[in-house]
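The lines below spell out each chain.
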Amino acid sequence: KSLSEESMGRMKQRLESRNICRWRGKPIFVRHQTQKEIERESGVPQHDLDRVKKPEWLVPIGVCTHLGCAPIANAGECGGHHCPCHGSHYDASGRVRKGPAPANLEIPNYEFIEEDLVVVG
């Protein structure tokens, strides 16, 4: 990462099927969604299209909205993330589905600057 990107609080990440990287000290769960997952998650309030720039890529901040714990990816009852500290479950799109978490996983500002390169921040 260049000094200018660091000072601007930006993170560049090459896209793979699943990445966990850090931005401003927080984990970012960069995740490729299959067509089946996109279709399954489209029937839930707050449609994916309201949370993503490309339907096949999800880029949430990996911090539980309950007390700031780090949820476990690919775990839980809803096929997404599970926070074992207090029992919150998020679906594959990072939307809270069960537990004490008051909100969905936050989506930071991000943009795709190449087909396989995302910049967060």
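Identification of the chain as Cytochrome b-c1 complex subunit Rieske, mitochondrial from Varanus komodoensis is taken from an unreviewed UniProt entry. For the record of the chain, the UniProt heading Catalytic activity (unreviewed entry) holds the text "a quinol + 2 Fe(III)-[cytochrome c](out) = a quinone + 2 Fe(II)-[cytochrome c](out) + 2 H(+)(out)".

Draft legend 1. Representation of unusual backbone geometry. Backbone geometry at arginine 24 places phi at a positive 55°, although glycine is not the residue there. Within the secondary structure layout, arginine 24 lies in the loop between strand E2 (18–23) and strand E3 (26–32). You will see that asparagine 74, though not glycine, has its phi angle at about 60°, which is positive.

Draft legend 2. A look at the pattern of salt bridges. Inspection of every chain in the model, using the stated rule, returns 5 salt bridges. Notably, a salt bridge pairs lysine 54 with glutamate 115, separated by 3.6 Å at the nearest N-O pair. Within this pair, whereas lysine 54 is found in the loop between helix H2 (35–41) and strand E4 (57–58), its partner glutamate 115 is found in the loop between strand E9 (110–114) and strand E10 (117–120), the two being separated by 61 residues in sequence. Its relative accessible area of 18% is what places lysine 54 among the buried residues. Residue glutamate 115 is classed as exposed on the basis of its relative accessible area of 63%. Taking the shortest distance from any N to any O, the salt bridge between glutamate 77 and lysine 98 comes out at 3.0 Å. Residue glutamate 77 is found in the loop between strand E5 (72–75) and strand E6 (79–83), and its partner lysine 98 is found in strand E8 (residues 96–98); the two are separated by 21 residues along the sequence. We classify lysine 98 as partly exposed; its relative accessible area is 40%. Linked by salt bridges that have partners in common, Asp91, Arg95 and Arg97 make up one network.

Cut-offs and rules
- Residues numbered from 1 in each chain as written.
- Predicted model: local features only at pLDDT ≥ 70, side-chain atom pairs only at ≥ 80, totals over all residues.
- Heavy atoms only, no water.
- UniProt positions renumbered as here; feature names shortened; annotations may be inferred.
- Helix = DSSP H or I, 4+ residues; strand = E, 2+ residues; numbered from the N terminus.
- Salt bridge = Lys/Arg side-chain N within 4 Å of Asp/Glu carboxyl O.
- Buried < 20%, exposed > 50% of the residue type's maximum accessible area, 1.4 Å probe, protein only.

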